[in-house]
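Observations on the model geometry
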Amino acid sequence: QVQLVESGGGLVQAGDSLRLSCAASGRTFTNYNMGWFRQAPGKEREFVAGITKSGGVTEYVDSVKGRFTISRDNARSTVYLQMNSLKPQDTAVYYCAADSGGIVISQRANVWDYWGQGTQVTVSS
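What comes next is a walk through the structure. (Residues numbered from 1 in each chain as written. Predicted model: local features only at pLDDT ≥ 70, side-chain atom pairs only at ≥ 80, totals over all residues. Heavy atoms only, no water.)

Looking at the state of the cysteines
Where we set the bar: Whenever a pair of cysteine sulfur atoms sits within 2.5 Å, that pair is classed as a disulfide. Here a strand is any run of E in DSSP of at least two residues, a helix any run of H or I of at least four, and the numbering for each starts at the N terminus. Buried means the residue's accessible area, taken with a 1.4 Å probe over protein chains only, is under 20% of the maximum for its type, while exposed means over 50%, and partly exposed covers the values in between.
Overall, the coordinates contain one disulfide when judged by the stated rule. Across the disulfide, Cys-22 is cross-linked to Cys-96 (sulfur-sulfur distance 2.1 Å). The sign of the -80° torsion about the S-S bond sets the Cys-22-Cys-96 disulfide as left-handed. Of this pair, Cys-22 sits in strand 3 (residues 18–25) while Cys-96 sits in strand 9 (residues 92–99), and the two are 74 residues apart along the sequence. Neither Cys-22 nor Cys-96 differs from the other in exposure class; each is buried.

What follows is the structure in structure tokens.
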């Protein structure tokens, strides 16, 4: 089992920045690709960003490219999501996820093995 605990969400204004953190425990962190998903009310869970086990490859949904950056600190078993130039449409519950799969980062939520409890991000206009 892998336990994931997110932190860093909050209420901000459009144009502001936030950094989400996700601390992992329970298994070897470097055995997992890590990702961030989000879910707005009435919508399906959406892939936001992913990073491979070594941190060498990242992937983003088009709507956040150039604004969000995913990174990981394998020594601290933590993955981060730096979110800049936030927009009201970024408002959602953000979830951290871990995937024990191969070298490909999947954007399909049902592929990911473990999930955090989520942290709310609200961006006001």
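Quick notes on the pairing of strand 8 (residues 78–83)
The line we're drawing: Note on pairing: two strands pair once DSSP finds at least 2 bridges between them.
With five of its six residues buried, strand 8 lies for the most part within the structure. In terms of strand pairing, strand 3 meets strand 8 through six bridges, oriented antiparallel. If you follow Ser-21 over to strand 8, its bridge partner there is Tyr-80. Pairing analysis gives six bridges linking strand 7 (residues 68–73) to strand 8, with the strands arranged antiparallel. Residue pairing in the sheet places Thr-69 in a bridge with Gln-82 of strand 8. Hairpin connection of strand 7 to strand 8: four residues between the antiparallel strands, including Ser-77 at a positive phi of 55°.

Overview of the packing of aromatic side chains
When we look at a pair of aromatic rings, we describe it by the centre distance and by the angle of the planes. We apply this condition: Pairs were defined over the aromatic rings of Phe, Tyr and Trp, the Trp ring being its six-membered one, requiring ring centres within 6.5 Å. Orientation was assigned from the angle between planes: stacked under 30 degrees, edge-to-face over 60, tilted for the rest. Definition used: whenever NZ (Lys) or CZ (Arg) falls within 6 Å of the ring centre and also within 35 degrees of the ring normal, the charge is taken to sit over that ring.
Inspection of every chain in the model, using the stated rule, returns five aromatic pairs. With 5.6 Å between their ring centres and 80° between their planes, Phe-37 and Trp-112 make a pair best called edge-to-face. With Phe-37 in strand 4 (residues 33–39) and Trp-112 in the loop between strand 9 and strand 10 (114–115), the pair connects residues that are 75 residues apart, well separated along the chain. Overall, Phe-37 belongs to the buried group, its relative accessible area being 0%. By the ring-pair criterion, three or more aromatic residues cluster together here, those being Phe-37, Phe-47, Tyr-95, Trp-112 and Trp-115. The ring of Tyr-95 has Arg-45 lying over it, and the distance from NZ or CZ to the ring centre is 3.7 Å. For the cation-ring pair, Arg-45 lies above Trp-115, with the distance from its terminal atom to the ring centre recorded as 4.8 Å.

Quick word on the side chain of Asn-33
Short version of the rule: Think of a polar contact as two N or O atoms within 3.5 Å of one another; within protein, one of them needs to be a possible hydrogen donor and the other a possible acceptor, and neighboring residues in sequence only count if both atoms come from side chains.
Assignment of secondary structure puts Asn-33 in strand 4. Looking at Asn-33, its side chain comes within polar contact range of the main-chain nitrogen of Lys-53, at 3.1 Å.

What about the nonpolar core?
In summary, soluble globular proteins display a tendency toward joint burial of nonpolar side chains. Test applied: Throughout this description, the term nonpolar core refers to a set of buried Ala, Val, Leu, Ile, Met, Phe, Trp, Tyr and Cys residues connected via side-chain atoms within 4.5 Å. For this analysis, residues touch if any pair of their heavy atoms sits within 4.5 Å.
Judged by nonpolar contacts, the single largest core of 30 residues is most densely connected at Leu-4, Met-34, Trp-36, Val-79, Leu-81, Met-83 and Tyr-94. At the level of secondary structure, the elements contributing two or more residues to this core comprise strand 3, strand 4, strand 5 (46–51), strand 7, strand 8, strand 9 and strand 11 (119–124). What Leu-81 contacts, discounting residues up to four positions off in sequence, is Leu-18, Arg-19, Leu-20, Trp-36, Val-48, Ala-49, Phe-68, Thr-69, Ile-70 and Tyr-94. Grouped together as the second largest cluster of nonpolar side chains are five residues, Phe-37, Phe-47, Ala-97 and Ile-105 included.

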